[in-house]
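If you want the building blocks of each chain, they are given just below.
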Amino acid sequence: MWAVTAALVVTGGAAAGCKAQTTGNGPIHVTKTSVAPAPTEKPARSSVSNSTQEKNPDRPAQPPKPAKRAVPADPVLFTTGSGGAQVRELQARLRKLQLFDRNPTGYYGPVTTASVRAFQRRQGMSAGGAVTSSVWSALRARTSAPSRDELYPPTARPLDDPDPRCLTGRALCVSKKSRTLAWYVNGRMLSAMDVRFGSAYTPTREGKFSVGFKSRDHVSTIYDTPMPYALFFSGGQAIHYSSDFAARGYAGASHGCVNVRDKKKIAALFAQVRKGDKVVVYK
């Protein structure tokens, strides 16, 4: 008696659903063996993220970011060479403190710089001559807001105190000190303008006079020069418009007359002044 036992290993899809089979010599035991598929290999995951990758030595270095510029604690608002409405206000406020001896011009020049330095010294500040935020705040705290007349006065230089003779009746008040002419009626000033006078060789006479006659389109018979809107008050001396004064300013001088450089103002004055009105010329 003998028996044959065979072990049949079936792989792949041929073994699916197999059962035990028999032969003529006896049963054959079939053992079903599962073969697991080979695992698929995956690439190893990098242990270094993109953000922490090692630097490439061949890659050019990135330039450093520029540092932010610090804002000064006390910024300069305006200084020599500045101009405009705020400079005009600055000058008017300094004039209130008697630190600026001219009328506002709106231009920040050497005179304004010296005035600012004087204010800074008075306040115990560093006298650099520029208006910083703290200087501007200190000045505003010590002065009232200037009026329009203080910001835009009628003459380039401050008007002088009027001679007492100017404060009664109708008077043309001419100050050699301030180089201004003011037109008064019963003590009230109606207009004012810049004027210039004669040279040392042909001085403008001083004293109390009156308008002798008016000549709108006068021409000098001595010097053959135009004297528009002439108001004669002492011989050949008159108050009149001067194109030379308008062009050259105080670089020139008259032959004794009182020159006016604002044509519109002298034209308006000529229309108001009457023969016999006072003319007071004083220092």
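Counting from 1, residues in each chain are numbered in the order their sequence is written. For a predicted model such as this one, the threshold for reporting local features is a pLDDT of at least 70, and the threshold for listing and counting side-chain atom pairs is 80 or more; totals across whole chains, interfaces and linings nevertheless cover every residue. Side-chain figures throughout are based on the complete set of non-hydrogen atoms in the structure, without hydrogens or water.

A. Main features of the packing of helix α1 (residues 85–96) against helix α2 (residues 110–122). The axes used here are C-alpha line fits, helices contributing only the stretch in contact, and every angle between their N-to-C directions lies in the interval 0 to 180 degrees. Strands are runs of DSSP state E lasting at least two residues, helices are runs of H or I lasting at least four, and both sets are numbered from the N terminus onward. Between α1 and α2, the shortest axis-to-axis distance is 11 Å and the interhelical angle comes to 55°. Relative to α2, α1 is oriented oblique. Handedness of the crossing formed by α1 with α2: left-handed. Between α1 and α2, the contacting residues are Leu90, Gln91 and Leu94 on the first element and Thr112, Ser115, Val116 and Phe119 on the second. Classification convention: Asp, Glu, Lys, Arg as charged; Ala, Val, Leu, Ile, Met, Phe, Trp, Tyr, Cys, Pro as nonpolar; all other residues, Gly among them, as polar. When its residues are assigned to classes, the contact of α1 with α2 shows 4 nonpolar, 3 polar and no charged. Put simply, angles under 35 degrees are roughly parallel, angles over 145 are roughly antiparallel, angles from 65 to 115 are roughly perpendicular, and the rest are oblique. By definition, turning the near helix anticlockwise from the far helix through less than a right angle yields a left-handed crossing, and turning it clockwise yields a right-handed one. Any two residues having at least one pair of non-hydrogen atoms within 4.5 Å are treated as being in contact.

B. A look at the nonpolar core. Nine residue types can take part in a nonpolar core, namely buried Ala, Val, Leu, Ile, Met, Phe, Trp, Tyr and Cys, and a core is a set of them joined through side-chain atoms within 4.5 Å. With a 1.4 Å probe rolled over the protein chains alone, any residue whose accessible area is under 20% of its type maximum counts as buried; one over 50% counts as exposed, and the rest are partly exposed. Formed by 22 residues in total, the largest nonpolar core has its most connected members in Leu172, Val174, Leu181, Ile239, Leu269 and Val279. Going through the elements one at a time, β5 (170–175), β6 (180–185), β7 (188–196), β10 (226–234), β11 (237–241), β12 (258–260), α6 (263–272) and β13 (278–282) are the ones with two or more residues in this core. Beyond its immediate chain neighbours, meaning those up to four positions away, Leu269 contacts Leu172, Leu181, Trp183, Ser191, Met193 and Leu231. Core analysis: the second largest hydrophobic core is formed by 15 residues, Val87, Phe119, Val131 and Leu139 among them.

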